[in-house]
Amino acid sequence: FAVRPRTRADQLYTTYAALGELAHSSFVFDVDTRLARDPARLGGARTVWLPRAEVVDQGLADALVQWVRGGGTLVVSDPDAFTRTPRNASLAPVRDVLIGSTVQAAGGSSIRLAPGGIGVGQADPIDLAVRQAGRFAATPADARVIGTNGDGTAAVISRSVGAGRV
C-alpha cells in the first residue's frame, strides 16, 4: 500500500474503507519514497494501492511494472497516474503498460461498481461518491469494466499484465 506524504485525509479514509471495511482485509500503509529507495519491499506485497501516483520515481515505476508482471496486483485510483517523474520525464510508457489508456474528466460525482467488481462477496452494485469522475479515453481491449459513470462510460477497469493485474 503506497501513499504520498500529501495525500488528503478523505483519500486515506476511502482507501481504508475500501480495503478494510468493504473487502474485510488487513493491510499496511507504506510511503512511495520508501518504496523508491527500497523496491525490494514490493516482494512482500500481494497488492499495492496507489491513491496518488501522478509523479513517480522512474526506478519505482519500473519496479512496479516488473512486480505486476510477476504476479502482483496494482490498484490505481489516481486519474493522472504515471504522468511524470520528479525530474519531469514522461512516464507514458509505464502508464501504457500498466493502465493501457489515459483518463479524462467525465463530469458527475459518482461511479457504480458492478457486482463482484471489488471481490468475492460483493453481491450488489456499490455507488461511490467521487470528487471528480473520470473515464478512460479508450477502454483497453483486454480490460474488464468493473465500474461505470452515470453515462455508462468505463470508470474502473481490471486488466491482466503478465501474471499480475491492474
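Whatever comes next refers back to the structure up there.
Quick caveat, the model's predicted, so the values are computed rather than measured.

**Q** Report on helix 3 (residues 58-69), specifying residues and quantitative values.
**A** Helix length check: helix 3, at 12 residues, gives a terminal C-alpha distance of 17 Å against a target of 16 Å (1.5 Å per residue), a fit within 8%. When we look at burial in helix 3, the residues that qualify are Leu-60, Ala-61, Ala-63, Leu-64, Val-65, Trp-67 and Val-68. Residues of helix 3 that are buried sit in contact with helix 2 (32-37), strand 3 (47-50), strand 4 (73-76), helix 4 (92-98), strand 10 (154-161) and strand 11 (164-165). Sitting at the amino-terminal end of helix 3 is Asp-57, which places a side-chain oxygen 3.0 Å from the backbone nitrogen of Gly-59. Once helix 3 ends, the next one or two residues include Gly-71, with phi positive near 125°.

**Q** Residues and numbers for the nonpolar core, please.
**A** With 26 residues, the main nonpolar core has Leu-42, Leu-64, Leu-74, Phe-82 and Leu-98 as its most contacted residues. Mapped by element, the contributors of at least two residues to this core are strand 3, helix 3, helix 4 and strand 10. Of the residues forming this core, the biggest block, 7 residues, is contributed by helix 3. Sequence-distant contacts of Leu-64, that is, excluding residues within four places in its chain, are made with Leu-42, Leu-50, Leu-74 and Phe-82.

**Q** Summarise the pattern of salt bridges; cite the residues concerned and give the values.
**A** Here the idea is simple: oppositely charged side chains can pair when their charged atoms come close. Tallied over the full model, the rule gives 2 salt bridges. With its nearest N and O atoms 2.6 Å apart, the salt bridge here joins Arg-112 to Asp-127. A residue pair is termed long-range when its members are at least 10 positions apart, and Arg-112 in strand 6 (residues 110-113) and Asp-127 in strand 7 (residues 126-129) qualify at 15 residues. Under the relative-accessibility criterion, Arg-112 is labelled partly exposed at 41%. Residue class for Asp-127 comes out partly exposed when judged on its relative accessible area of 48%.

Reading the values: rules and limits
Residues numbered from 1 in each chain as written. Predicted model: local features only at pLDDT ≥ 70, side-chain atom pairs only at ≥ 80, totals over all residues. Heavy atoms only, no water. Helix = DSSP H or I, 4+ residues; strand = E, 2+ residues; numbered from the N terminus. Expected span 1.5 Å × (residues − 1). Buried < 20%, exposed > 50% of the residue type's maximum accessible area, 1.4 Å probe, protein only. Contact = heavy atoms within 4.5 Å. Polar contact = N/O pair within 3.5 Å; in protein donor to acceptor, adjacent residues only side chain to side chain. Core = buried A, V, L, I, M, F, W, Y, C linked by side-chain atoms within 4.5 Å. Salt bridge = Lys/Arg side-chain N within 4 Å of Asp/Glu carboxyl O.

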